[in-house]
Amino acid sequence: MSENNNSNAALGPVMVDVESLCLQSHEIERLKNPQVGAVILFARNYQDPNQLSELCRQIHEVREQPLLIAIDHEGGRVQRCRTEGFTPLPAMRELGELWDRDSAAALALAHEVGFILAAELRACGVDFSFTPVLDLDYGASEVIGNRAFHRDPEIVARLSAALIEGLAEAGMAACGKHFPGHGFVEADSHVAIPVDEREFDEIWQEDIQPYVALGQKLPSLMPAHVIYKKVDAMPAGFSKFWIQEILRQRMGYDGMVFSDDLTMEGASVVGGILERADAAFAAGCDMVLVCNRPDLADELLASLQHQASAASMQRLQNLMPKEPFMNWQQLHNGARYIKARQVLDSAMADRCE
């Protein structure tokens, strides 16, 4: 029996992706690697709910202890599953704009959006979504833009808490991003190395406050590939100061910390893929993401020596759904889902009037 099969039950600290609508044989072998603990899906992995359900079934069956299946599915322009019955979800800024007119209605709608988002994904076998965005809407960052709820950190905290409660109603955990805040910088960390010139106290008093307010209600978060020049020379996802001193010690946060995608330009300051992973783990990340570069994923898996701590793997387990969920047809026949859709449809109709 191979080493990979011997480690079949244990999950590792690396999240990888898959190429298309179904698993290929070489991908199955990659997912059996003991360093892999999760899979992230993209729009290329979605055709319709039946296909997505089958892909998730294939992924879950690769390992004795099923891998966590994640996706970036926020609403607005970041929504990987868009057709064949998936509900078009509003950008989070729309919830913030509704708050300015009617805060109670905004909180209620945020909950329903969270429920719909999670329920539709879970009905297809997806376990987890990297949402909500907690960045403040400074009007500066094109990559964040209308993904942010609001400029006011208290409103961001209130709306995100409601959305997180909606996710949880459907049995899905949340992930706040991008700690300590990506909204102030213009550059896109996918293609550049953003630098935030502000002092620590300003970042603490503004951008970090949604994380402080949510506390342990937020089961996971993702640091930004942003350098906060006056605080630390390293991007936040590679910074012991941000993850260990501020997040773990000062804030007492005990949830899961994901790196952002290590193939992004914002991570390039650290070196090659192994150096990036080692730096992220040394800074305090529990899991690293390697997306859209299967060659780099294989390079990392072949050389990575990091042993995930028991605490890190428990945090990963805490993100796994605790109960089975209904299938796509059952969901669409369910009174709770029908009600949520009615609330959302009504709110979107009012917006268009």
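Positions within a chain are numbered from 1, following the residues in the order the chain's sequence is written. In keeping with the model being predicted, local features are shown solely for residues with a pLDDT of at least 70 and side-chain atom pairs are shown and tallied solely at 80 or more, while totals for entire chains, interfaces and linings include all residues. Computation of side-chain values covers all heavy atoms of the structure but excludes hydrogens and water.

Next up on the list: the packing of aromatic side chains. Only rings of Phe, Tyr and Trp enter the pairing, Trp through its six-membered ring, and a pair is recorded when the two centres are within 6.5 Å. The plane angle decides the type: under 30 degrees is stacked, over 60 is edge-to-face, the rest tilted. By the definition in use, this model includes 13 aromatic pairs. Of note, Arg198 hangs over the ring of Phe184, and the distance from its end group to the ring centre comes to 4.2 Å. Charges are assigned to positions over rings by a cutoff of 6 Å between ring centre and Lys NZ or Arg CZ, combined with an angular limit of 35 degrees from the ring normal.

Time to look at the nonpolar core. Definition of nonpolar core: a set of buried residues of the types Ala, Val, Leu, Ile, Met, Phe, Trp, Tyr and Cys, connected through side-chain atoms within 4.5 Å. Partly exposed describes any residue whose relative accessible area lies between the buried limit of under 20% and the exposed limit of over 50%, with all areas from a 1.4 Å probe on protein chains only and scaled to the type maximum. Counting residues in each nonpolar core, the largest one holds 115 residues, and the members touching the most others are Leu41, Phe130 and Phe258. Secondary structure elements follow DSSP: runs of H or I of four or more residues count as helices, runs of E of two or more count as strands, with numbering from the N terminus. Sort the elements by how many residues they give to this core and helix α5 (residues 103–123) lands first, with 11 residues. Aside from chain neighbours lying at most four places away, what touches Phe258 is Met15, Phe128, Phe130, Cys175, Ser220, Leu221, Met222, Pro223, Cys285, Met287, Leu289 and Leu319. In what follows, a contact means two residues having at least one pair of non-hydrogen atoms within 4.5 Å.

Our focus in this paragraph is the side chain of Asn45. Checked against the element boundaries, Asn45 lands in the loop between β2 (36–41) and α3 (49–62). Accessibility expressed as a relative area gives 0% for Asn45, which makes it buried. Polar contact is defined as a pair of N or O atoms within 3.5 Å, subject to the rule that within protein one atom must be able to donate a hydrogen and the other to accept it, and that residues adjacent in sequence are counted only when both atoms are side-chain atoms. At 3.1 Å, the side chain of Asn45 forms a polar contact with the backbone oxygen of Val18. Among all residues touching Asn45, those that are not within four sequence positions of it are Val18, Glu19, Ser20, Leu21, Ile40, Gln51, Leu52 and Leu55.

For Asp261, the location among the structural elements is in strand β11 (residues 256–261). Put simply, Asp261 is tucked away with no salt bridge, and the nearest opposite charge, on Arg276, sits 7.2 Å away. Looking at Asp261, its side chain comes within polar contact range of the side chain of Thr263, at 2.8 Å. The charge count includes Lys and Arg as positive and Asp and Glu as negative, but it does not include His or the ends of the chains. By definition, a salt bridge exists where a carboxyl oxygen of Asp or Glu is found within 4 Å of a side-chain nitrogen of Lys or Arg.

What follows is about a negative patch on the surface. A cluster of acidic residues, Glu97, Asp100, Asp152 and Glu154, forms a negative patch on the protein surface. Along the chain, Asp152 turns up in the loop between β6 (128–129) and α6 (153–169). Within the patch definition used here, like charges are joined within 9 Å and nonpolar side chains (Val, Leu, Ile, Met, Phe, Trp, Tyr) within 5 Å, considering only residues with over 30% relative accessible area and no salt bridge. Values of accessible area rely on a 1.4 Å probe in the Shrake-Rupley scheme; residue burial ignores everything except the protein chains shown. Here the site of a charge means NZ on Lys, CZ on Arg, CG on Asp, or CD on Glu.

Let us now look at the pairing of strand β9 (residues 220–223). Successive side chains on a regular strand alternate, one facing one side of the sheet and the next facing the other. In β9, alternate side chains face the same way, and those of Ser220 and Met222 on one face and Leu221 and Pro223 on the other are all buried. Whether two strands pair depends on DSSP finding at least two bridges between them. Here strand β7 (residues 176–179) pairs with β9 via three bridges, running parallel. Pairing of Phe179 across the sheet is with Pro223, part of β9. Two strands pair when backbone bridges link them, and β9 and β11 are joined in this way by two bridges, in the parallel orientation. When the sheet's bridge partners are listed, Leu221 is paired in β11 with Val257.

With that out of the way, let us pick up the pairing of β2. With six of six residues buried, β2 lies mostly within the body of the structure. Pairing of strand β1 (residues 14–17) with β2, which is carried by four bridges, proceeds in the parallel orientation. Within the sheet, the bridge partner assigned to Met15 lies in β2 and is Ala38. Note on handedness: a clockwise path from strand one over the helix to strand two, with the strands aimed away from the viewer, defines a right-handed crossover. A crossover connection joins β1 to the parallel β2 through helix α2 (residues 25–31); in handedness this β-α-β unit is right-handed.

Among all positions of helix α9 (residues 240–250), only Trp242, Ile243, Ile246, Leu247 and Arg248 are buried. The arc that holds every buried residue of α9, seen down its axis, measures 165°, which confines them to one face. Trailing α9 by a residue or two, Gly252 shows a phi angle of about 65°, which is positive. Each C-beta atom gives one direction from the helix axis, and the arc is the one those directions make.

Attention now moves to the sheet that holds β1. Two orientations exist for strands paired in a sheet by backbone hydrogen bonds: parallel and antiparallel. With respect to topology, eight strands assemble into an open sheet ordered β6-β3-β2-β1-β12-β11-β9-β7, the strand pairing being parallel. Two strands lie at the open edges of the sheet, namely β6 and β7, each paired on one side alone. Pairing between strand β3 (residues 68–71) and β6: two bridges, direction parallel. Counted as the bridge partner of Ile71 is Ser129 from β6. Taken strand by strand, α3 contacts β2 and β3, and its axis lies near 170° from that of β2. Orientation is described by lines fitted to C-alpha atoms, with helices fitted over the stretch in contact, and by angles between N-to-C directions that extend from 0 to 180 degrees.

The next point concerns the pattern of salt bridges. Overall, the coordinates contain 21 salt bridges when judged by the stated rule. We note a salt bridge from Glu112 to Arg336, for which the minimum N-O separation is 2.6 Å. One end of the pair, Glu112, is in helix α5; the other, Arg336, is in helix α14 (residues 335–352), and 224 residues separate them in sequence. Classification of Glu112 as buried rests on a relative accessible area of 7%. Residue Arg336 is classed as partly exposed on the basis of its relative accessible area, which comes to 26%. The shortest N-O distance in the salt bridge between Arg198 and Asp207 comes to 2.8 Å. What makes Arg198 buried here is its relative accessible area of 4%. Among the charged side chains, a salt-bridge network with shared partners connects Asp72, Glu74, Arg80, Arg147 and Lys177.

This next bit is on the state of the cysteines. As used in these notes, a disulfide is a covalent bond between sulfur atoms, one from each of two cysteines. The term disulfide is used for any two cysteine sulfur atoms that are within 2.5 Å. A full pass over the atoms with the stated rule returns zero disulfides. Free of any disulfide, Cys56 has its nearest neighbouring cysteine sulfur in Cys124, separated by 7.1 Å. Cysteine Cys175 shares no disulfide, and the gap to the nearest cysteine sulfur, in Cys285, comes to 11 Å. Given the relative accessible area of 0%, Cys175 is considered buried.

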